[in-house]
Amino acid sequence: MTKDFYNHMKEEQKLLYHSYQESLRQKNERMHGMDVWEPDDKTAENSQIKKPINAWYRDLKTWVVRFIPGF
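Here the structure is a predicted model, which means the values were calculated and not measured. (Residues numbered from 1 in each chain as written. Predicted model: local features only at pLDDT ≥ 70, side-chain atom pairs only at ≥ 80, totals over all residues. Heavy atoms only, no water.)

1. Examining the overall build of the protein chain
Each helix and strand counted, the protein chain has 2 helices and 0 strands in total. In the protein chain, which comprises 71 residues, the proportion classed as buried is 1%. A total accessible area of about 7,400 Å² is found for the protein chain, and carbon and sulfur atoms account for 59% of it. (Helix = DSSP H or I, 4+ residues; strand = E, 2+ residues; numbered from the N terminus. Buried < 20%, exposed > 50% of the residue type's maximum accessible area, 1.4 Å probe, protein only. Areas by Shrake-Rupley, 256 points an atom, 1.4 Å probe, with all protein chains shown as cover.)

Okay, here's the thing in structure tokens:
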């Protein structure tokens, strides 16, 4: 019975080890696939999102001021 227990534990240990190795491989794959943002190369995504929102807000404010003086 103890021999079965130890064999089962060895198998479980192998599975955990292989799972750990696979997670490390996936992590390394993600790390090498990620682009690093360089300020000189391109604008930040936050800036790309804020520009249309600010333009829409500015247009809306101009439209409201036309209909509601003193707003």
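2. Details of the packing of aromatic side chains
If you walk through the whole model with that rule in mind, you get 1 aromatic pair. Ring geometry for F5 versus Y6: centroids 5.6 Å apart, planes at 70 degrees, classification edge-to-face. Assessed through its relative accessible area of 54%, Y6 is described here as exposed. (Phe/Tyr/Trp six-rings, centres within 6.5 Å; stacked < 30°, edge-to-face > 60°.)

3. So, a nonpolar patch on the surface
A surface patch of nonpolar side chains, about 730 Å² in accessible area, is lined by W56, Y57, L60, W63, F67 and I68. With respect to the secondary-structure elements, F67 resides in helix 2 (residues 45-67). (Patch = residues over 30% accessible without salt bridge, like charges linked within 9 Å, V, L, I, M, F, W, Y side chains within 5 Å. Salt bridge = Lys/Arg side-chain N within 4 Å of Asp/Glu carboxyl O.)

Function cannot be inferred from these measures alone, as they are strictly geometric.
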